[in-house]
Amino acid sequence: MKSSVLTRYRVMAYVTAVMLLILCACMVAKYGFDKGEGLTLVVSQVHGVLYIIYLIFAFDLGSKAKWSFGKLLWVLVSGTIPTAAFFVERKVTRDVEPLITDGSPVTAKA
C-alpha cells in the first residue's frame with residue numbers, strides 16, 4: 001500500500017474532527033445563546049461535504065488494509081463523534097504504517 005493512502009486519510013480525519021468541534025461550538029452558540037444561525041448552517045454544510053470525503057478515504061484505506069467490517073465501521077463512525085477521530089486516527093496510523101511500501105524495488109538476499 002502506498003503512503004499517500006494513509007496520508008489522505010490522516011488529513012481528512014483531522015480536518016473532519018476540527019470541523020466537527022467547530023460545528024459543536026456553533027450549535028452551542030445557536031441553541032444556547034441564539035447567536036450565529038447563519039454560521040451554523042454554513043459550518044454544518046461544510047462539515048457534511050468534508051465528512052463524505054472522509055468516508056471515501058477511510059473506506060479506501062480500510063479496503064486496502066483488509067480491515068474487518070467492525071473496524072471499518074468504527075473508523076467511519078468516528079467522524080461523527082467529537083474528538084473520537086483524533087484518537088482513532090492515531091490507532092489507525094500505528095496499525096497501518098507497517099503495511100506501507102515505499103515503492104522502491106526489493107532486493108533478494110542469496
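Predicted model only: the values in this text are computed from it and were never measured.

### Side note on the pattern of salt bridges
Next up, step 1: The full count for this structure, using the stated rule, is 5 salt bridges.
Next up, step 2: A salt bridge links R10 to E89, with the shortest nitrogen-to-oxygen separation between them at 2.4 Å. Linking R10 in helix 1 (residues 3-33) with E89 in helix 4 (residues 84-96), this pair joins segments that are 79 residues apart in sequence.
Next up, step 3: On the basis of relative accessible area, R10 is assigned to the partly exposed category, the value being 25%.

### Here's the deal with the nonpolar core
Next up, step 1: In terms of nonpolar packing, the biggest core is built from 23 residues, with Y9, Y54, L61, W67, V75, V92 and V96 touching the most fellow members.
Next up, step 2: Residue contributions to this core peak at 9 residues, all from helix 1.
Next up, step 3: With sequence-adjacent residues up to four places away left out, V92 is seen in contact with Y9, L61, W67 and V75.

### Focus on the environment of K71
Next up, step 1: With respect to the secondary-structure elements, K71 resides in helix 3 (residues 69-77).
Next up, step 2: For the pair K71 and V92, spaced 21 residues apart in the sequence, the C-alpha separation amounts to 9.7 Å.

### Observations regarding the packing of aromatic side chains
Next up, step 1: Tallying each qualifying case throughout the model produces 3 aromatic pairs.
Next up, step 2: With a centroid separation of 5.8 Å and 35° between ring planes, the pair formed by Y9 and Y54 is classed as tilted. Taken together, the residues span a long stretch of sequence, with Y9 in helix 1 and Y54 in helix 2 (residues 37-65) at a distance of 45 residues.
Next up, step 3: Of the residues examined, Y9 reaches a relative accessible area of 0% and is grouped as buried.
Next up, step 4: A centroid spacing of 6.0 Å and a plane angle of 25° characterise the contact between Y51 and Y54, whose relative ring orientation is stacked. Separated by 3 residues within a single helix, Y51 and Y54 lie in helix 2, roughly one turn from each other.
Next up, step 5: The exposure class of Y54 is buried, given its relative accessible area of 0%.

### Regarding helix 3
Turn by turn, an α-helix covers 3.6 residues, leaving residues three or four places apart pointing in a common direction.
Next up, step 1: Among the residues of helix 3, L72, V75 and L76 are the ones counted as buried. Looking down the long axis of helix 3, one finds its buried residues gathered within 100° of arc, a one-sided arrangement.

### With respect to the state of the cysteines
Next up, step 1: Scanning the model with the defined rule gives 0 disulfides in all.
Next up, step 2: No disulfide involves C24; its nearest neighbouring cysteine sulfur is the one of C26, lying 9.3 Å away.
Next up, step 3: Among the residues examined, C26 registers a relative accessible area of 9% and is labelled buried.

Definitions and limits used
- Residues numbered from 1 in each chain as written.
- Predicted model: local features only at pLDDT ≥ 70, side-chain atom pairs only at ≥ 80, totals over all residues.
- Heavy atoms only, no water.
- Salt bridge = Lys/Arg side-chain N within 4 Å of Asp/Glu carboxyl O.
- Helix = DSSP H or I, 4+ residues; strand = E, 2+ residues; numbered from the N terminus.
- Buried < 20%, exposed > 50% of the residue type's maximum accessible area, 1.4 Å probe, protein only.
- Core = buried A, V, L, I, M, F, W, Y, C linked by side-chain atoms within 4.5 Å.
- Contact = heavy atoms within 4.5 Å.
- Phe/Tyr/Trp six-rings, centres within 6.5 Å; stacked < 30°, edge-to-face > 60°.
- Arc of directions from axis to C-beta.
- Disulfide = S-S within 2.5 Å.

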